Amino acid sequence: MQGGDTMALLNSLWPFVLMGGIFYFMLWRPQKKEQQKRQDLLNSLKEGDEIITIGGIYGKIKAISEKRVKVEVAEGVVIEMARNAVSGFQNPAKNS
């Protein structure tokens, strides 16, 4: 292989390297950060937290297990749902 062939190969590969870098910094990395933030939210849930579900239901956690959450949505009305159905806390400062 001669010097000219090597340069031609490098010139044809740099767009793919550039696209890989763009993919990493604009898609994969932010998505990974968002997944970690969501996992931290789900791991930090505890009884008494006021939450919002992905369906838009506001409530207060009454009991929590590994996969399920019991949420009081009105006085005396408790519903059971998947832990993954929690979207965030009612208090915006706690969501960060």
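Relevant structure appears above.
As the structure is a computational prediction, the values presented were derived from the model and not from experiment.

As a further point, take the sheet that holds strand 2 (residues 58-64). Sheet architecture is open: five strands sit in the order 4-3-2-1-5, paired in antiparallel fashion. Only two strands of the sheet have a single neighbouring strand rather than two, namely strand 4 (77-82) and strand 5 (86-89). Within this sheet the neighbouring strands show an average axis-to-axis angle of 45°, counted without direction. The pairing of strand 2 with strand 3 (residues 68-74) spans four bridges and is antiparallel.

With that out of the way, let us pick up the packing of aromatic side chains. Aromatic ring pairs: the centre-centre distance and the angle between the two ring planes describe each pair. A full pass over the atoms with the stated rule returns two aromatic pairs. Geometrically, the ring pair formed by Tyr24 and Phe25 is edge-to-face, given 4.8 Å between the ring centres and 85° between the ring planes. For Tyr24, a relative accessible area of 34% corresponds to the partly exposed category. Taking relative accessible area as the criterion, Phe25 reaches 52% and is therefore assigned exposed. Taken together, the ring pairs connect Tyr24, Phe25 and Trp28 into an aromatic cluster.

With that out of the way, let us pick up the pattern of salt bridges. Under the definition given, this model contains three salt bridges. When the shortest N-O distance is used, the salt bridge between Glu72 and Lys62 registers 3.3 Å. Residue Glu72 is found in strand 3, and its partner Lys62 is found in strand 2; the two are separated by 10 residues along the sequence. Owing to a relative accessible area of 38%, Lys62 belongs among the partly exposed residues under this scheme.

Attention now moves to the nonpolar core. Membership of the largest hydrophobic core is limited to 11 residues, which are Leu41, Leu42, Leu45, Ile51, Ile61, Val69, Val71, Met81, Ala85, Val86 and Phe89. The residues contacting Val86, other than those within four sequence positions of it, are Arg38, Leu41, Leu42, Leu45, Ile51, Ile52, Thr53 and Ile54.

For the rest of this paragraph, the subject is the side chain of Thr53. Looking at where Thr53 falls in the secondary structure, it is placed in strand 1 (residues 50-53). For Thr53, the contacting residues outside a window of four places in its chain are Met81, Ala85, Val86 and Ser87.

Reading the values: rules and limits
- Residues numbered from 1 in each chain as written.
- Predicted model: local features only at pLDDT ≥ 70, side-chain atom pairs only at ≥ 80, totals over all residues.
- Heavy atoms only, no water.
- Pairing = 2+ DSSP bridges.
- Helix = DSSP H or I, 4+ residues; strand = E, 2+ residues; numbered from the N terminus.
- Axes fitted to C-alpha atoms, helices over the stretch in contact; angles between N-to-C directions.
- Phe/Tyr/Trp six-rings, centres within 6.5 Å; stacked < 30°, edge-to-face > 60°.
- Buried < 20%, exposed > 50% of the residue type's maximum accessible area, 1.4 Å probe, protein only.
- Salt bridge = Lys/Arg side-chain N within 4 Å of Asp/Glu carboxyl O.
- Core = buried A, V, L, I, M, F, W, Y, C linked by side-chain atoms within 4.5 Å.
- Contact = heavy atoms within 4.5 Å.

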